[in-house]
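Spelled out from the first residue to the last, the chains are:
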Amino acid sequence: MMLTWLLLFLYKAPTQHSRCTSYKMLRLLVLTVLAAAALATDFDQCDSGAPVPVALRVVNCEKQPCDFPRGEDISAQADFLADHNVANMKAQSIVEILGGVVEYPLPQPDGCQSLVNSACPLEEGDGATYQLTLPVLSEYPKVPLTTEISLIDTDSGSVVMCFRISGQVV
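Undergrad: Now, about empty space enclosed by the protein: what can you tell me, with residues and values included?
TA: Counting across every chain of the model gives one cavity of 30 Å³ or more. Counted as a void, the largest cavity has a volume near 70 Å³. Taken together, Val 58, Phe 68, Ile 74, Leu 132, Leu 134, Thr 147, Ile 149, Phe 163 and Ile 165 form the lining of the largest cavity. When contributions to the lining of the largest cavity are tallied by element, the ones reaching two or more residues are strand 7 (127-136), strand 8 (144-153) and strand 9 (159-169). Split by residue class, the lining of the largest cavity holds eight nonpolar, one polar and no charged.

Written out as C-alpha cells, the structure is:
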C-alpha cells in the first residue's frame, strides 16, 4: 500500500513540466512498470478495452483463478488514474457463471463513496484507489466464475476503470 501511494505521489508531484503530455506519459510508463513489480493480483483487461487499474490487490489472491470462499466477502483495492475529469461514478459488477451473464448488485454502488484516500470529483491524471467489497453468500454453488468490475462516469457514461478476474467459489 505504501509503495502504491508513493507511486501515485510521484505521478502527481508538481513540476514545471506537469502540463506536458509527453512528460505525463513517461511518468505513467514508469509508474506502470513499478506497479507491476509490486505485490499485486494479476487480472485481465475488459473486452471493451476500457482503462485498466495501475495495480489490483485482492485479499488472499495473487494469481488467477482466485478462491472465493462461501460466506465471506471478496475484498480488493484497485489503484487507477482518471483519464478524464470525473464528477460522479457508479460501480458495476458483471458475473459470468454457469454459461450465463448477470449483473451482480454491489453493497455500495456509488463508486465515489468507495474511494480510499481520495474523493470525487477527480481531475484527469488524478490517482485514486477503489475499495471493493463483494459478498459471496453461503448458498452459492461451488462453481468457476469470471467477474468484471467497472467504474463508470455517471455523467458521460464512459468507463473510468475496468478489470476482469476469474475465480472459483469454494
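Still more to cover.
Undergrad: If you had to explain the confidence of the model for the chain to someone new, which residues and values would you point to?
TA: Taken as a whole, the chain shows an average pLDDT of 85; of its residues, 77% reach a score of 70 or greater. With pLDDT under 50 throughout, residues 1-11 is counted as low confidence; its partners more than four residues away or in other chains account for 25 contacts. Scored below 50 in pLDDT, residues 14-18 makes five contacts in the model with residues more than four places away or belonging to other chains.

Undergrad: Before we move on, can you summarise the pattern of salt bridges with the specific residues and values?
TA: Counting across every chain of the model gives three salt bridges. Asp 79 is paired through a salt bridge with Arg 57; the nearest N and O atoms lie 2.6 Å apart. Taken together, the residues Asp 79 in strand 3 (residues 72-81) and Arg 57 in strand 1 (residues 55-58) connect sequence positions 22 residues apart. Glu 148 is the partner of Arg 164 in a salt bridge, and the nearest nitrogen-oxygen pair spans 3.3 Å. You can see Arg 164 sitting in strand 9 and its partner Glu 148 sitting in strand 8, a full 16 residues away along the chain. This pair shows no difference in class: Arg 164 is buried, exactly as Glu 148 is.

Cut-offs and rules
- Residues numbered from 1 in each chain as written.
- Predicted model: local features only at pLDDT ≥ 70, side-chain atom pairs only at ≥ 80, totals over all residues.
- Heavy atoms only, no water.
- 1 Å grid on protein atoms, 1.4 Å probe; cavity = no way out; pocket = protein on both sides within 12 Å on 5 of 7 lines; lining within 4 Å.
- Points joined across faces, edges and corners; volume = space filled by probe spheres on them.
- Helix = DSSP H or I, 4+ residues; strand = E, 2+ residues; numbered from the N terminus.
- Nonpolar A, V, L, I, M, F, W, Y, C, P; charged D, E, K, R; others polar.
- pLDDT = per-residue confidence, 0-100.
- Contact = heavy atoms within 4.5 Å.
- Salt bridge = Lys/Arg side-chain N within 4 Å of Asp/Glu carboxyl O.
- Buried < 20%, exposed > 50% of the residue type's maximum accessible area, 1.4 Å probe, protein only.

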